[in-house]
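Descriptive structure summary
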Amino acid sequence: MKTKHLFLKKKIIATIVASVLGVASQGAFASGETITTVVKISGIPWFDRMETGVDLYAEKHPEINISQVGPSAADSAQQLQIIQNLIARGTDALAIVPMDPSILEGVLKRAMDRGVIVVTHEADNQVNTMANIEAFDNAEYGTALNERLAQCMGGEGKWSTFVGSLGSRTHMQWVGAGEENAAKYSGMELVDANNESFDDANGTYETAKEILRKHPDIKGFQTSAGNDVLGVGRAIEEAGLKGKVCLVGTGLPNPSAAYLDSGAITAIGFWDPQKAGMAMNEVARIFLDGGELTDGMSLGVEGYENVSVRPGPGGGKLVVGNGMVIVDKDTYKARLF
Amino acid sequence: MKRDSNLLLLCILFVVLLGLGGVVSDGLFLSSFNLQSMATQVPEIGLLAIGVMLVMCTGNGGIDLSGIANANLSGVASGIFALSFFDAYQQPLLFTATFAVGCMAVGLFGGLLNGLIISRFSITPILCTLGTQMLFTGVAVVLSNGRSVTIGTPDYLSAIGNGFVLGVPISFLLFVLTGLILGFFLKFTRYGVRLMLMGANPKAALYSGFQSARIITTTYAISGLLAGFAGLIIAARNINVKWDYGSSYLLVAILIVVMAGVRPEGGYGRVVNVVLSAIVLQLLSSLLSFIGLSNFVRDLAWGVLLLCFLAVARFDLLNMIVASLPLKRTLTLPSDHQMRVFMENKNNED
């Protein structure tokens with residue numbers, strides 16, 4: 001009787017262990033190579049959209065274990081810990097959107113020393129990476145935004161610019177390139193340039209109202225941070241200047257939809273995180289297969305068909321695509337996220 | 001002596017989590033690389049948690065919200081100072097020594113400031129340290145112009161962050177050593193004993209002629225010193241220091257302390273529990289990360305764990321469970337209190 005019990009007990013334990021192991025090997029520890037995308041924060045629309053790209057890429061490459069993770073709070077220390085755990089777990093390749101590139105330098109160097117493939121995005125100053133992927137050239141993006149603005153303004157009139165903060169390098173590059181482009185049109189006059197918005201829609205709304213009062217004849221705005229179009233758009237709408245004042249800036253389709261429909265926002269520019277996520281994973285896969293990046297190659301992702309490959313700040317490469325998207329009232333619905 | 005149920009629970013969790021990790025990951029979780037990786041992640045948060053524990057023991061709502069801000073300020077200020085005097089790669093020893101002493105000095109100063117404000121002006125600790133947290137962060141932003149300060153990887157400093165002795169990370173050894181020293185200090189010195197007594201009953205401490213102000217100031221200064229030490233380890237590990245690093249550490253440190261069974265009202269706390277609690281929390285988050293679960297699940301698991309520990313502490317669950325076990329019940333003598341109740345009942349009956 002007693003031996004039978006013991007036997008039964010052993011059998012139960014064996015079953016439990018086997019099922020736990022089964023679950024584990026099915027999921028996280030399957031054979032085959034792994035590419036893990038690490039984003040700044042999980043659960044916000046931007047990175048949810050990126051995850052759709054990572055999932056799409058995973059469907060196309062069932063032989064690789066592809067997934068996306070990210071910290072639950074916007075803290076570079078948490079992202080650092082996630083990366084450290086992934087390295088210890090034996091991940092073959094990391095595709096990272098750094099919260100703060102400088103904080104990750106140490107851990108990324110140790111990862112590469114261990115033979116882990118490291119690919120980054122939105123971190124063109126990252127030293128310890130094998131390739132950093134940028135959706136577009138910042139100067140070209142600024143020029144394109146301004147060209148759209150000039151087109152709406154008919155090439156003449158007063159215009160102003162907003163940046164997230166004067167310390168934001170990319171924003172300054174965008175408006176800088178915009179100013180250069182506007183110089184082509186002798187009728188365009190830049191007034192009160194580089195207002196700081198701190199990405200705060202309410203603050204931007206107040207500032208925009210002041211500018212509209214100060215320059216009643218203003219014809220256009222070019223904005224940079226994601227919430228700027230919302231603040232300026234509201235100010236334009238409330239002043240009854242829809243369609244009379246042009247507004248072109250960086251923004252996301254879903255939040256901007258109402259203002260685009262009403263005409264308060266002329267056009268928004270952005271890059272699609274879905275495509276960026278796919279491009280990162282493709283570059284990681286190329287490295288895993290022992291391939292190399294060459295100038296002008298195609299990553300097989302929309303906007304990354306003819307990438308420019310340049311030397312990066314460290315030993316790695318800087319990969320620049322042509323993934324900018326500028327949409328208006330008629331075209332934004334195809335890109336809604 | 002009463003059983004320390006938190007210590008027991010932490011030990012059980014430690015073993016269970018390690019075992020579970022080993023099973024679900026085919027032993028990968030127990031590989032030396034992962035053990036080392038986890039051990040290097042513990043010290044910075046662990047040191048901050050010990051600081052929070054100490055100030056909590058002072059009672060009267062003692063808490064230190066400025067820990068991580070102080071640590072970042074230490075790294076930033078000391079980094080800028082040391083870099084302006086020495087070339088990190090030409091004179092690595094001098095640079096590391098200056099930087100380390102600088103971190104400790106800034107941390108200590110920050111802690112002293114907290115202690116003096118709280119003890120001299122009787123400001124509520126939560127308000128005072130919230131204020132100094134913003135002050136420290138602000139000073140770090142101004143000093144560094146909001147950018148990260150590159151410390152680099154000079155020989156000795158990088159050994160503190162990434163080196164090993166007999167396969168154990170140096171930073172982890174330093175953390176355990178700090179814990180041992182402080183544990184000894186709390187148990188065997190007059191300061192330690194008085195700190196706990198004062199926390200348990202501030203009024204009695206006042207009438208017994210304790211110099212409460214000095215004890216409070218010393219405790220916050222030690223907490224600051226530990227934050228400075230954490231700043232040193234952060235810099236040694238990450239190459240760069242920045243003012244906004246570890247903004248989520250504040251609540252995690254408090255979580256560790258509560259799990260360690262430190263009395264929020266003051267007067268009781270053990271360093272060994274805090275060290276173990278920090279390790280258990282690390283094991284748990286690494287394990288969930290290994291299984292491939294989202295970070296939100298980790299937050300949820302931490303919450304559940306916290307509630308469990310509170311329940312254990314509140315209802316003394318462990319002793320109840322042990323007492324209700326049918327087997328292996330050892331003969332326990334009734335406590336004084338039980339004897340007294342028994343005698344009273346008996347007398348009443350008579």
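Residues numbered from 1 in each chain as written. Chains lettered and ligands numbered in written order. Predicted model: local features only at pLDDT ≥ 70, side-chain atom pairs only at ≥ 80, totals over all residues. Heavy atoms only, no water.

All right, on to the confidence of the model for chain A then. All names here are of chain A. Mean pLDDT over chain A: 88, with 91% of residues reaching 70 or higher. Mean pLDDT across the elements of chain A bottoms out in helix H1 (residues 2-26) (49) and peaks in strand S3 (residues 93-96) (96). pLDDT under 50 marks residues 15-30. Its contacts with residues more than four places away, or in other chains, come to 16 contacts. (pLDDT = per-residue confidence, 0-100. Helix = DSSP H or I, 4+ residues; strand = E, 2+ residues; numbered from the N terminus. Contact = heavy atoms within 4.5 Å.)

Turning our attention to the pairing of strand S13 (residues 317-320) of chain A. Residues and elements named next belong to chain A. Note: strand S5 (residues 131-134) against S13, 4 bridges, orientation parallel. Of the residues in S13, the one forming a bridge with Ile 133 is Val 319. Where strand S12 (residues 308-311) meets S13, 4 bridges bridge the pair, whose relative direction is antiparallel. Directly across from Ser 308, in S13, lies its bridge partner Val 320. Between the antiparallel neighbours S12 and S13 lie 5 residues. (Pairing = 2+ DSSP bridges.)

Let's shift gears to the interface of chain A and chain B. Each side of the interface is counted separately: chain A has 29 residues, and chain B has 34 residues. Note on chain A versus chain B: buried area summed over both sides is about 2,800 Å², and carbon and sulfur give 51% of it. For the pair chain A and chain B, the interface holds 1 salt bridge. A salt bridge links Lys 242 of chain B to Asp 100 of chain A, with the shortest nitrogen-to-oxygen separation between them at 2.9 Å. (Buried area = accessible area lost by both parts, 1.4 Å probe. Salt bridge = Lys/Arg side-chain N within 4 Å of Asp/Glu carboxyl O.)

All names here are of chain A. Here strand S4 (residues 117-121) lies mainly inside the structure; 5 of its 5 residues are buried. Here S4 shows no split at all, with Ile 117, Val 119 and His 121 on one side and Val 118 and Thr 120 on the other all buried. Relative to S4, S3 is paired through 4 bridges, and the arrangement is parallel. What sits directly across from Leu 94, in S4, is Val 118. Taken together, S3, helix H4 (residues 101-113) and S4 form a β-α-β motif whose crossover is right-handed. Pairing of S4 with S5, which is carried by 3 bridges, proceeds in the parallel orientation. Paired with Thr 120 across the strands is Asn 132, a residue of S5. (Buried < 20%, exposed > 50% of the residue type's maximum accessible area, 1.4 Å probe, protein only. Right-handed = clockwise from strand over helix to strand, strands pointing away.)

Here we take up the packing of aromatic side chains. The final tally for this structure, using the stated rule, is 15 aromatic pairs over all chains. Seen from their ring centres, Phe 136 of chain A and Tyr 141 of chain A are 4.3 Å apart, and the 10° between their planes marks the pair as stacked. When the ring of Phe 81 of chain B is compared with that of Phe 85 of chain B, the centres are 4.9 Å apart and the planes differ by 55°; the resulting orientation is tilted. Here the residue Phe 81 of chain B and the residue Phe 85 of chain B both occupy positions in helix H3 (residues 67-85), the gap between them amounting to 4 residues, near one helical turn. The class for Phe 81 of chain B is partly exposed, based on a relative accessible area of 44%. By way of ring pairs, the aromatic residues Trp 46, Phe 136, Tyr 141, Trp 174, Phe 270, Trp 271 and Phe 337 of chain A are connected into one cluster. If you follow Arg 194 of chain B out to its NZ or CZ, it ends over the ring of Phe 210 of chain B, 4.8 Å from the centre. (Phe/Tyr/Trp six-rings, centres within 6.5 Å; stacked < 30°, edge-to-face > 60°. Lys NZ or Arg CZ within 6 Å of the ring centre and 35° of its normal.)

Residue and element names in this part refer to chain B. For Asp 26, which is not a glycine, the phi torsion comes out positive at approximately 55°. Tracing the backbone through its elements, the reader meets Asp 26 in the loop between helix H1 (5-24) and helix H2 (32-57). Phi at Asn 145 takes a positive value of approximately 55°, unusual for a residue other than glycine. Residue position: Asn 145 is located in the loop between helix H5 (125-144) and strand S1 (149-150).

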